Amino acid sequence: MNFKPLFDRVVLKNLEKINKTKSGLIIPESVGDEPLYAKVVAIGTGDNFDGNKSEMAVSVGDHVLYNKYGATAFKCDDEEYVILRQSDILGVFDKD
């Protein structure tokens, strides 16, 4: 991907939506909500506009849960991504 986010922005690639509940019920496409589970594909430097340095809490490859209302969707190299501020990421899943 030829895109580098600025400041505290993070680029995410949505992961496949799970269309089945743990008990095995299949959820139709029309009922499901937008996926909130994504993989981090690029991160900014962590700088803020006011010059204060903010550390990035996520790294490339992390699987995260994010707030969809803070994200902006875009296309790059025929792939769909979302970009948002680091503060709109709700948490990071364990690697195991």
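Above this note sits the structure.
Here's a quick rundown of the structure.

What counts, and where the lines are drawn
- Residues numbered from 1 in each chain as written.
- Predicted model: local features only at pLDDT ≥ 70, side-chain atom pairs only at ≥ 80, totals over all residues.
- Heavy atoms only, no water.
- Pairing = 2+ DSSP bridges.
- Helix = DSSP H or I, 4+ residues; strand = E, 2+ residues; numbered from the N terminus.
- Axes fitted to C-alpha atoms, helices over the stretch in contact; angles between N-to-C directions.
- Core = buried A, V, L, I, M, F, W, Y, C linked by side-chain atoms within 4.5 Å.
- Buried < 20%, exposed > 50% of the residue type's maximum accessible area, 1.4 Å probe, protein only.
- Contact = heavy atoms within 4.5 Å.
- Salt bridge = Lys/Arg side-chain N within 4 Å of Asp/Glu carboxyl O.

Strand pairing in a sheet takes place through backbone hydrogen bonds and is either antiparallel or parallel in direction. Ordered in space as β4-β5-β1-β2-β3-β6, the 6 strands form an open sheet in which the pairing is antiparallel. Both outer strands of the open sheet, β4 (72-76) and β6 (89-92), are each paired with one neighbouring strand and no more. Neighbour to neighbour, the strand axes of the sheet diverge by 45° on average, direction disregarded. Pairing analysis gives 3 bridges linking strand β2 (residues 37-43) to strand β3 (residues 63-66), with the strands arranged antiparallel. Looking across to β3, one finds that Y37 is bridged to L65.

Residues V10, L12, A38, V40, I43, M56, V58, V64, Y66, V82, L84 and I89 constitute the largest nonpolar core, which totals 12 residues. For this core, the secondary-structure elements that each account for two or more residues are β1 (9-14), β2, β3 and β5 (79-85). Beyond its immediate chain neighbours, meaning those up to four positions away, I89 contacts V10, V58, V64, L65, Y66 and L84. Residues V11, A42, C76 and Y81 belong to the second largest nonpolar core, which totals 5 residues.

This next bit is on the pattern of salt bridges. Applying the stated criterion across every chain, the model contains 3 salt bridges. In this structure, R85 and D8 form a salt bridge, with 2.8 Å as the shortest nitrogen-oxygen distance. With R85 in strand β5 and D8 in the segment before β1, this pair connects stretches of sequence that are 77 residues apart. Of the residues examined, R85 reaches a relative accessible area of 32% and is grouped as partly exposed. Within the structure, one salt-bridge network assembled from shared partners comprises D8, R9 and R85.

Leaving glycine aside, a negative phi is the common case for residues, and trans is the common case for peptide bonds. Within the chain, F7 stands out as a residue other than glycine whose phi angle is a positive 55°. Here F7 is to be found in the segment before β1. Residue F7 is classed as partly exposed on the basis of its relative accessible area of 25%. One non-glycine residue, D78, adopts positive backbone phi at about 60°. Inspection of the secondary structure puts D78 in the loop between β4 and β5. Under the relative-accessibility criterion, D78 is labelled exposed at 73%.

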